[in-house]
Amino acid sequence: MKTPAALASALVALASASAAERPNIVIIYTDDVGYGDIACYGSASFETPHIDALAAEGLRFTDAHCTAATCTPSRFTLLTGSYAFRNQRAKILPGSAPLIIDPAMDTLPKVLQGGGYKTAVVGKWHLGLGEGDVDWNGEVKPGPREVGFDYHFLIPATGDRTPCVYLEQGRVVGLDPADPIAVSYGKRIGDAPSGAEARDTLKQDWSHGHNSTIVNGISRIGWMTGGEAARWVDEDMADVITERAVNFIEENRAEPFFLFYSTHDIHVPRVPHARFVGKSGTGPRGDAMVQTDWCVGELMAALEKHGLKEKTLVIFSSDNGPVLDDGYKDDANEKLGEHDPNGALRAGKYSHFEGGTRVPFIVRWPGEVAPGGVSGALFGQVDLARTLCGIAGVEVPEAAFVDSRDARAALVDPDAGGRPHLVHEAGKLALRLGQWKFVPGGGTRDELGPWKKAATGKEGALYDLAVDLGERRDLAAEKPEKLAEMKALLEKIKAGADG
Ligand code: NG6
Ligand code: CA
């Protein structure tokens, strides 16, 4: 129960952030985009003018991190303000997985919704749906609505996993009831030839995994039968989800809204629309990046059209670091040329090294964030839940967002300083403490080429990022006290204390 005084102060807080002042919030959450994949982060290989414009008009971070080196845990944390390692189910999920966010939990969209925001998620979900054994022919729930989104239009899991259909407000879009959908992980269903069997018919060949049901000439992880009319066309995916996001902006232009626009790009399979093919000079991976940049331009144009550009806080980021061959033969390695997907960082997706979680992060918020700034503050996406609710003037329930700090100062001011420490997950946990980095023992994924493991000792490795951003010189043996301090801090954070 709230005391009358607490209630009164909450009301004052609400009143002071009047609707007129409350910005719309748009999070553009890209998939597998690396630190070096954007021109304003140093990529000279292809142009990303719309994303660069966000940075020129806003604040660009050089030490901002998603929570994990894979998608599901990063997304879980973004929406719940709770480190994903606290939820054992927050690992890369099959397309048949149940919803891993407890509908009883306070989430970023739910708290904003309670404060009067209209909320939507458009694009990749990958947080599970239903309670297990989903019937894709009926209403699929619990899902985004139960965790606080008024509107959803989803890629249910990933572009490379069945079911390969869109889900809008709990229903498969374009489903013919006479052709029901079944989905299976593990046991094969249907008698259509698989990607392993009909390999020579594929539009894009697989390199590992991804050899089950063929949809749109591309074989996927997992099996699916039926739903022929509802199956997506990969080449149109960016257009389809961007149109839904633009519609949401248009329909809700009169009230404060929160849009979580979550791209499929540049995840595999990388199959951009024909108008972007060949545009990057680096093959489908770069072409998908050019396509993403176009999508950002479309969203910004929609905001402009409705006079919302000055009233909207836009964040651009990624769910984990870059990867080249992630299961399809799409020339990501072969056509890379001089392009450096992780910039000066080491490794990428699946790794504890900085390339795994240090991602592009740009904030555009006219009037509050000065244009053209660069921030070196340590920033974690885990802090967005509390920070954005604070900006919206919405009170956060006491038990909510356990790991999320109010980082408004760092979000708007490049000189404000960042988090003292931040946990990164890639299976086991790594830890940042200022310039220091602890990487757990037992090895971690190395580099972006063929899969190999870098040794990190038995006790873990220690790097001083102030002089060794590329994490090449392990100081664990030289600085045992620092190593011990960081391990103790990590244990404290794991136990639930902030440290
Ligand atoms: C891996 C897949 C990879 C990708 C990843 C999830 C194989 C061999 N690899 O298991 O292709 O789908 O899961 O990526 O199947 S994420 O960005 O959604 O976390
Ligand atoms: Ca990802």
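*Asks:* Is there a simple way to think about the site of ligand 1 in this case?
*Replies:* Around ligand 1 sit 19 residues in total, of which C71, D160, R161, D326 and K349 are the nearest. Separating an oxygen atom of ligand 1 from a side-chain N or O atom of R161 is a distance of 2.8 Å. In the model, an oxygen atom of ligand 1 is placed 2.8 Å from a nitrogen or oxygen of the K349 side chain. Classifying every residue of the shell around ligand 1 by side-chain character gives five nonpolar, seven polar and seven charged.

*Asks:* Whenever I open this one, the sheet that holds strand β19 (residues 436-439) confuses me. Can you help?
*Replies:* The strands that make up a sheet pair up through hydrogen bonds in the backbone, lying either parallel or antiparallel. In spatial order, the strands read β17-β18-β19-β22; together these four strands make up an open sheet with antiparallel pairing. Each end of this open sheet is capped by a strand with a single partner; those strands are β17 (421-426) and β22 (461-464). Put simply, the sheet's adjacent strands are angled 20 degrees from each other on average, direction ignored. Here helix α10 (residues 480-494) sits on the sheet in contact with β17, β18 (428-433), β19 and β22, set at roughly 115 degrees to β18.

*Asks:* Can you help me understand the coordination of the calcium ion (ligand 2) in this one?
*Replies:* Tetrahedral coordination by four donors places them ideally at 109.5 degrees to one another around the metal; octahedral coordination by six donors ideally gives 90 or 180 degrees. Every protein donor of the calcium ion (ligand 2) is listed here as D31 (OD), D32 (OD), D319 (OD), D319 (OD) and N320 (OD1), and their distances to the metal cover 2.1 to 2.7 Å. Geometry at the calcium ion (ligand 2) is irregular, judged from the six donor atoms that bind it and their angles of 51 to 172 degrees at the metal. Spacing between the donor residues of the calcium ion (ligand 2) along the chain follows D-D-x286-D-N. Taken together, the residues D32 in the loop between β1 (24-30) and α2 (49-57) and D319 in the loop between β13 (312-318) and α7 (354-357) connect sequence positions 287 residues apart. Comparing D32 with D319 shows no difference in burial state: the two are buried.

*Asks:* Could you clarify how one ought to interpret the pairing of strand β4 (residues 118-124) in this entry?
*Replies:* Each regular strand displays side chains that alternate between the two surfaces of the sheet. Within β4, six of the seven residues are buried, leaving the element largely enclosed by the surrounding structure. Bridge count between β4 and strand β12 (residues 257-262): six bridges; the pairing is parallel. Within the sheet, the bridge partner assigned to G123 lies in β12 and is S262.

*Asks:* Explain unusual backbone geometry here, please?
*Replies:* Most peptide bonds take the trans configuration, and most residues that are not glycine carry a negative phi. Going from T162 to P163, the amide bond is cis rather than trans, its omega being 0 degrees. Topologically, P163 is positioned in the loop between β5 (151-155) and β6 (167-168). Non-glycine residue D133 carries a positive phi angle of around 55 degrees. The phi angle at H210 is positive, at roughly 50 degrees, despite the residue not being glycine. When you line up the elements, H210 lands in the loop between β8 (182-184) and β9 (214-215).

*Asks:* How should I be thinking about helix α5 (residues 237-251) in this particular structure?
*Replies:* Since the α-helix packs 3.6 residues into each turn, any two residues three or four apart lie on the same face. Its 15 residues place the ends of α5 21 Å apart at the C-alpha level, agreeing with the 21 Å of an ideal helix rising 1.5 Å per residue. Considered for burial, the residues of α5 that qualify are M237, A238, V240, I241, T242, A245, F248 and I249. On the buried face of α5, the contacting elements are β4, β5, β12 and α6 (284-305).

*Asks:* Could you clarify how one ought to interpret the sheet that holds strand β7 (residues 171-172) in this entry?
*Replies:* With respect to topology, ten strands assemble into an open sheet ordered β7-β6-β5-β4-β12-β1-β13-β14-β2-β15, the strand pairing being mixed. The open sheet has two edge strands with one neighbour each: β7 and β15 (373-375). As judged from the three bridges shared by strand β2 (residues 59-61) and β15, these two strands associate in the parallel manner. Across the sheet, L59 pairs through a bridge with G373, a residue of β15. Running over the sheet, α2 touches β2, β13 and β14 (361-364) and is turned about 60 degrees from β14.

*Asks:* How should I be thinking about the side chain of E354 in this particular structure?
*Replies:* Inspection of the secondary structure assignment puts E354 in helix α7. With near-sequence residues (within four places) excluded, E354 lies in contact with D63, H65, L345, R346, H424, R432, K437, L465 and E471.

*Asks:* Explanation requested: the pairing of β22 in the structure shown.
*Replies:* Burial along β22 is two-sided: the face carrying A461 and Y463 and the face carrying L462 and D464 are both buried. As defined by bridge partners, β19 adjoins β22 across four bridges and the pair is classed as antiparallel. The residue of β22 that forms the bridge with K437 is Y463.

*Asks:* I'm lost on α6 in this one. Help?
*Replies:* Taking 1.5 Å per residue as the helical rise, α6 with its 22 residues ought to reach 32 Å, and the 31 Å between its terminal C-alpha atoms agrees with that figure. Looking at the residues trailing α6, positive phi occurs at G307, about 70 degrees.

*Asks:* Honestly, the pattern of salt bridges in this entry has me stumped. Any pointers?
*Replies:* Note on pairing: side chains with opposite charge can pair once their charged atoms come close. Under the definition given, this model contains 37 salt bridges. When the shortest N-O distance is used, the salt bridge between D63 and R432 registers 2.7 Å. Of the two residues, D63 sits in the loop between β2 and β3 (64-65) while R432 sits in strand β18, which places them 369 residues apart along the sequence. Residues D331 and K335 are paired through a salt bridge, measuring 3.5 Å at the closest nitrogen-oxygen approach. Three or more residues are tied together by salt bridges with common partners; here these are D63, E354, R358, R432, K437 and E471.

Conventions we followed
- Residues numbered from 1 in each chain as written.
- Chains lettered and ligands numbered in written order.
- Predicted model: local features only at pLDDT ≥ 70, side-chain atom pairs only at ≥ 80, totals over all residues.
- Heavy atoms only, no water.
- Near = heavy atom within 4 Å.
- Polar contact = N/O pair within 3.5 Å; in protein donor to acceptor, adjacent residues only side chain to side chain.
- Nonpolar A, V, L, I, M, F, W, Y, C, P; charged D, E, K, R; others polar.
- Pairing = 2+ DSSP bridges.
- Helix = DSSP H or I, 4+ residues; strand = E, 2+ residues; numbered from the N terminus.
- Axes fitted to C-alpha atoms, helices over the stretch in contact; angles between N-to-C directions.
- Contact = heavy atoms within 4.5 Å.
- Donors = N, O, S within 2.8 Å, 3.2 Å for Na, K, Ca; no water.
- Tetrahedral: all angles 85-135°; square planar, octahedral: opposite > 155°, others 65-115°.
- Buried < 20%, exposed > 50% of the residue type's maximum accessible area, 1.4 Å probe, protein only.
- Expected span 1.5 Å × (residues − 1).
- Salt bridge = Lys/Arg side-chain N within 4 Å of Asp/Glu carboxyl O.

Spatial relationships are all this shows, so hold off on functional conclusions.
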